[in-house]
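Fold and contact review
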Amino acid sequence: MAPVIEIEDLVKDYRLGEVPVHVLKGISFDIEGGDFVAIMGPSGSGKSTLMNILGCLDKPTSGVYRLDGVSVAHLSRDQLAEIRNRKVGFVFQQFNLLARTSAAENVELPLLYTDIPAHERHERARKALLAVGLGGWEDHQPSQLSGGQQQRVAIARSLVNSPRIILADEPTGALDSRTSLEIMAIFQRLNREEGITMIVVTHDPDIASYSNRNIHFKDGRLKRDVRLAQPRDAHRDLADLPADRQEEESPA
Amino acid sequence: MKKTAASIRIALRALKVNRLRSALTMLGIIIGVAAVIAMVGVGAGATARIQEQIQSIGSNLIILLPGSVSTNGVRLGSGAVATLTEDDAKAIEAECPSVALAAPTVRGGVQVVYGNNNWATNVQGVTPEYITIRDYTMLSGEFFTAQDVDAAAKTAVLGETVAQNLFGDSDPTGQVVIIKNVPFTVAGVLTPKGQSPTGQDQDDVILLPISTAMQKVLGANKANAKAVGAIMVQAISPQAMDQAIQEMEALLRERHKILPGQDDDFTIRNLTEVFEAQETSAQVMSILLGAIASVSLIVGGIGIMNIMLVSVTERTREIGLRQAVGAKTGDILLQFLVEAVTLALLGGIIGIFVGMTASLLISRFAQWTTQLSPLSILLAFLFSALVGVFFGYYPARKAAFLDPIEALRYE
Ligand SMILES: Nc1ncnc2c1ncn2[C@@H]1O[C@H](COP(=O)(O)OP(=O)(O)O)[C@@H](O)[C@H]1O
Ligand SMILES: [Mg+2]
């Protein structure tokens, strides 16, 4: 498969007063369509900065970034917004759900910025919630959901637009290990069954072991890039866990 | 189109979530619009009332008074000089082409008695032309005729106020009243006219044939038995007023043998013009009231801007998220603009109702005439929408151009 992401000599500087801060110091790699990549590295090494650029939320200072073969360097604000809407799904560490808004409406959010008619929006939101195991939870508000459920609503939101790529910046950072595993199981299924390219930032080598490829960062440079011969299967690991909380899955 | 509908829905949701704040924000606009509606209503009412009063004195009216304005710089009271006569009135009507009618009048204060009732009022001696000139109609009975004037008949027409005070609700027609010990048969009662533009009760009057008034009631002028107090003149049209004044001046100067360079011995007043000045000042007042009230509407607009800025700051993360999932600059701009305009319009609609109620209460309890015009209501509505757009634009723009990453990271 052709690379969905191509970056060459990517540089990102921030200006803090007079002194430029070099956050990304020339990074090059490709990501194949359908791959599952974990990006690792210590705090402050530039992982989030890279994810923002990959998600077209930010532009590099220099270097080339091609998404689906298209260089984003000269795209306008609104063209970038369009790409984010059509090709990219985001999952954040802090979920970023709208408070006092139902799960279904949260999931629908990206569709509000398309021309998709209302009934189809509702239908797609319902299906996306079903895909993350939250069928029946449509009318619940974030405050009525557990952390893991909230993150699954966020995942449903990221995939409601049928994106090419899902970018998840420390998606399990705020979750316990079991819930983290559930999230990884969903990611693996989306990756294998839907062919969505997954890029996940994590500190946790355990989480990274469910991906196909680990990219290590340090001080804004690529340190190590390893392909895993035998990625672990989150579904199987989940099944092996003692079944202490399985009954949680029906809405109150 | 669908996206616009979506933006409106998002905006309405946000307003519903913050109900109390939305209501308080609207309060500024409500007060502003209500003030505009009520004040313009008061102003329009005052103008309408003055217009009505101007109508009531009669149309195309010119009044001739004896004596000159510039006699030693002071005008002597009418009657003190006896320079206008009944013959002048006849000559004016006959010889000035721009004059339709000329009616000589004399007036004076009298006590009028009916049975045990008596009433102090004004007597006016007039000819039948007078009621045409003044646009009087009869509530009951008939006005006296030219023959009555020639015969100095002892007949009287009462104003409504006089009739009420002497006869209560019964019809005075045919009854006999005593004025200066002279019995007068009441010929009829005038349809009431209400207040004059100068605030006088136009119905507190008794009309007598001018001949009778001069001979039996007021007494003829000692210097000139034919002298009258004033001549009321009606021009043939509003456009002919100036022409009529010029013709009368020329005629009277000739009749009174005034040499070129000498002052007139009479004064001509265009009453319509005098009262139109009052109307203009009432209109100026209503514009002023409206302008002052508009200031509060602008203050209300600033309130909206203030709350919208707070709202944008509070919802920075939400804005960042919307941008991350694909909201374009225009989408965010529209969302916040719709919020501001909705606040302003909703406030405007409520304000219109409050203003209409206030206007009703003012006319009920302060006894002021108020007048609500659909135009002022429409304008208030459009103006509040404009306030929403104007004061909502800056906060909306600020939201739309936030940097998505910084917005997402905002604590
Ligand atoms: N807007 C910014 N202005 C200045 N410095 C920034 C900004 N964003 C990130 N940085 C800096 O860039 C570095 C990398 O940050 P980040 O990409 O968030 O790291 P990571 O996600 O790997 O922890 C950090 O040192 C951070 O302080
Ligand atoms: Mg980070």
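A quick note: this is a predicted structure, and the numbers were derived from the prediction, not measured.

1. Notes on the sheet that holds strand E1 (residues 3-16) of chain A
Residue and element names in this part refer to chain A. Here 4 strands make up an open sheet; going across it, the order is E2-E1-E4-E5 and the pairing antiparallel. At either end of the open sheet lies a strand with only one pairing partner, and these are strand E2 (19-32) and strand E5 (70-71). Of the strand pairs in this sheet, E1 and E2 are connected by 11 bridges, and their pairing is antiparallel. Across the sheet, proline 3 pairs through a bridge with glutamate 32, a residue of E2.

2. Some details on the site of ligand 1
In the neighbourhood of ligand 1, the contacting residues comprise Tyr14, Leu16, Val23, Pro42, Ser43, Gly44, Ser45, Gly46, Lys47, Ser48 and Thr49 of chain A together with Arg409 of chain B. Residues near ligand 1 are shared among chains A and B, making this a multi-chain site. Within the contact set of ligand 1, an oxygen atom lies 3.0 Å away from a backbone nitrogen or oxygen of glycine 46 of chain A. With respect to ligand 1, the side chain of threonine 49 of chain A contributes an N or O atom lying 2.5 Å from an oxygen atom. Protein chains bury 70% of the 560 Å² of accessible surface belonging to ligand 1 in isolation. Secondary structure elements with two or more residues in the shell around ligand 1: E1 and helix H1 (47-54) of chain A. Among the elements that line the shell around ligand 1, the one with the most residues is H1 of chain A, at 3 residues. Partitioning the shell around ligand 1 into residue classes produces 4 nonpolar, 6 polar and 2 charged.

3. A look at the confidence of the model for chain B
All names here are of chain B. With 95% of its residues at a pLDDT of 70 or more, chain B shows a mean pLDDT of 86. When pLDDT is averaged over each helix and strand of chain B, the minimum, 77, is found for helix H1 (residues 2-17) and the maximum, 95, for helix H10 (residues 316-324). Between residues 75-79, whose pLDDT stays under 50, and residues either more than four places distant or in other chains, the model counts 11 contacts.

4. Side note on the environment of isoleucine 27 of chain A
Residues and elements named next belong to chain A. The residue isoleucine 27 is located in strand E2 in this model. Residues isoleucine 27 and valine 11, spaced 16 residues apart in sequence, show a C-alpha to C-alpha distance of 6.9 Å. Look past the residues within four positions of isoleucine 27 in its chain and what remains in contact with it is Ile7, Glu8, Asp9, Leu10, Phe217, Gly220 and Leu222.

5. Some remarks on the sheet that holds strand E3 (residues 36-40) of chain A
Residues and elements named next belong to chain A. If you walk across this open sheet you meet the 6 strands as E6-E7-E8-E3-E9-E10, and the pairing is mixed. Both outer strands of the open sheet, strand E6 (88-91) and strand E10 (221-227), are each paired with one neighbouring strand and no more. In this sheet, adjacent strand axes meet at a mean angle of 15° when their direction is disregarded.

6. What about the pattern of salt bridges?
Enumeration over the complete set of coordinates arrives at 23 salt bridges over all chains. The closest approach of N and O atoms between glutamate 6 of chain A and arginine 66 of chain A, which form a salt bridge, is 3.6 Å. Note that glutamate 6 of chain A is positioned in strand E1 and arginine 66 of chain A in strand E4 (residues 62-67), a separation of 60 residues in sequence. Given the relative accessible area of 17%, glutamate 6 of chain A is considered buried. A salt bridge links glutamate 82 of chain A to lysine 328 of chain B, with the nearest nitrogen and oxygen atoms 2.4 Å apart.

7. Digging into unusual backbone geometry
One non-glycine residue, phenylalanine 95 of chain A, lies in the positive phi region at around 65°. Under the relative-accessibility criterion, phenylalanine 95 of chain A is labelled buried at 10%.

8. Re the interface of chain B and chain A
On the side of chain A, 26 residues touch chain B, which itself brings 27 residues to the contact. Across the chain B/chain A interface, buried area totals approximately 2500 Å², and carbon plus sulfur atoms make up 54% of it. Of all residues in chain B, Leu321, Val325 and Ile405 of chain B give up the largest surface area on contact with chain A, accounting jointly for 22% of the area buried on that side. Across the contact surface, chain B and chain A share 2 salt bridges. Of the charged contacts, one joins glutamate 105 of chain A and arginine 13 of chain B as a salt bridge, the two residues approaching to 2.9 Å between their closest N and O atoms.

9. Considerations on the domain arrangement of chain B
Frequently, the measure chosen for interface size is the accessible area removed from exposure when the parts meet. Along its sequence, chain B is organised into domain 1 (2-53 + 277-409) and domain 2 (82-264). Each of domain 1 of chain B and domain 2 of chain B has a C-alpha centre, and the two are 56 Å apart.

10. What to know about empty space enclosed by the protein
By the definition in use, this model includes 3 cavities of 30 Å³ or more. What the largest cavity holds in volume is close to 80 Å³. Secondary-structure elements contributing two or more residues to the lining of the largest cavity are H1, helix H2 (19-57), helix H9 (271-314) and helix H11 (329-365) of chain B. Approximately 60 Å³ is the volume found for the second largest cavity. Looking at the lining of the second largest cavity, the elements with two or more residues in it are helix H2 (77-87), E6 and helix H5 (147-159) of chain A.

11. Here we look at the environment of proline 66 of chain B
If you trace the backbone, proline 66 of chain B turns up in strand E1 (residues 61-66). On a C-alpha basis, the gap between proline 66 of chain B and alanine 46 of chain B in space is 33 Å, while along the polypeptide they are 20 residues apart.

12. Examining the packing of H9 of chain B against H11 of chain B
All names here are of chain B. Interaxial distance between H9 and H11 falls to 11 Å at its minimum, and their mutual angle equals 145°. Considering the relative orientation of H9 and H11, their crossing is right-handed. Side by side, H9 and H11 meet where Ile304, Met308, Ser311 and Val312 of the first sit next to Phe336, Glu339, Ala340, Leu343 and Ala344 of the second. Considered class by class, the residues forming the contact of H9 with H11 number 7 nonpolar, 1 polar and 1 charged.

13. Concerning the pairing of E4 of chain A
Residues and elements named next belong to chain A. Here E1 runs beside E4; their pairing, made up of 5 bridges, is antiparallel. Bridge pairing in E4 places valine 11 opposite serine 62. With 2 bridges joining them, E4 and E5 adopt antiparallel strand pairing. Bridge pairing links leucine 67 to valine 70 in E5. Turn length for the E4-E5 hairpin, with the two strands adjacent in sequence and antiparallel, is 2 residues, and the turn residue aspartate 68 shows positive phi of about 55°.

14. Let's talk about the packing of aromatic side chains
Residue and element names in this part refer to chain B. In this structure the tally under the stated criterion is 5 aromatic pairs over all chains. With 5.0 Å between their ring centres and 85° between their planes, phenylalanine 390 and phenylalanine 391 make a pair best called edge-to-face. Since its relative accessible area comes to 60%, phenylalanine 390 is described here as exposed. Under the relative-accessibility criterion, phenylalanine 391 is labelled buried at 9%. Sitting over the face of the ring of tyrosine 136, lysine 193 holds its NZ or CZ atom 4.9 Å from the ring centroid.

15. Observations regarding the packing of helix H3 (residues 86-95) of chain B against helix H8 (residues 241-255) of chain B
Residue and element names in this part refer to chain B. It is at 10 Å that the axes of H3 and H8 come closest, and there the two elements cross at 135°. As the angle between them shows, H3 and H8 are arranged oblique. Crossing geometry of H3 relative to H8 is assigned as right-handed. Packed against H3, whose contacting residues are Asp87, Asp88, Ala91, Ile92 and Glu95, the element H8 presents Met248, Leu251, Leu252 and Arg255 at the interface.

What counts and what doesn't
- Residues numbered from 1 in each chain as written.
- Chains lettered and ligands numbered in written order.
- Predicted model: local features only at pLDDT ≥ 70, side-chain atom pairs only at ≥ 80, totals over all residues.
- Heavy atoms only, no water.
- Pairing = 2+ DSSP bridges.
- Helix = DSSP H or I, 4+ residues; strand = E, 2+ residues; numbered from the N terminus.
- Near = heavy atom within 4 Å.
- Polar contact = N/O pair within 3.5 Å; in protein donor to acceptor, adjacent residues only side chain to side chain.
- Areas by Shrake-Rupley, 256 points an atom, 1.4 Å probe, with all protein chains shown as cover.
- Nonpolar A, V, L, I, M, F, W, Y, C, P; charged D, E, K, R; others polar.
- pLDDT = per-residue confidence, 0-100.
- Contact = heavy atoms within 4.5 Å.
- Axes fitted to C-alpha atoms, helices over the stretch in contact; angles between N-to-C directions.
- Salt bridge = Lys/Arg side-chain N within 4 Å of Asp/Glu carboxyl O.
- Buried < 20%, exposed > 50% of the residue type's maximum accessible area, 1.4 Å probe, protein only.
- Buried area = accessible area lost by both parts, 1.4 Å probe.
- Domains from an automatic or database assignment.
- 1 Å grid on protein atoms, 1.4 Å probe; cavity = no way out; pocket = protein on both sides within 12 Å on 5 of 7 lines; lining within 4 Å.
- Points joined across faces, edges and corners; volume = space filled by probe spheres on them.
- Left-handed = near helix turned anticlockwise from the far one by under 90°.
- Phe/Tyr/Trp six-rings, centres within 6.5 Å; stacked < 30°, edge-to-face > 60°.
- Lys NZ or Arg CZ within 6 Å of the ring centre and 35° of its normal.
- Parallel < 35°, antiparallel > 145°, perpendicular 65-115°, else oblique.

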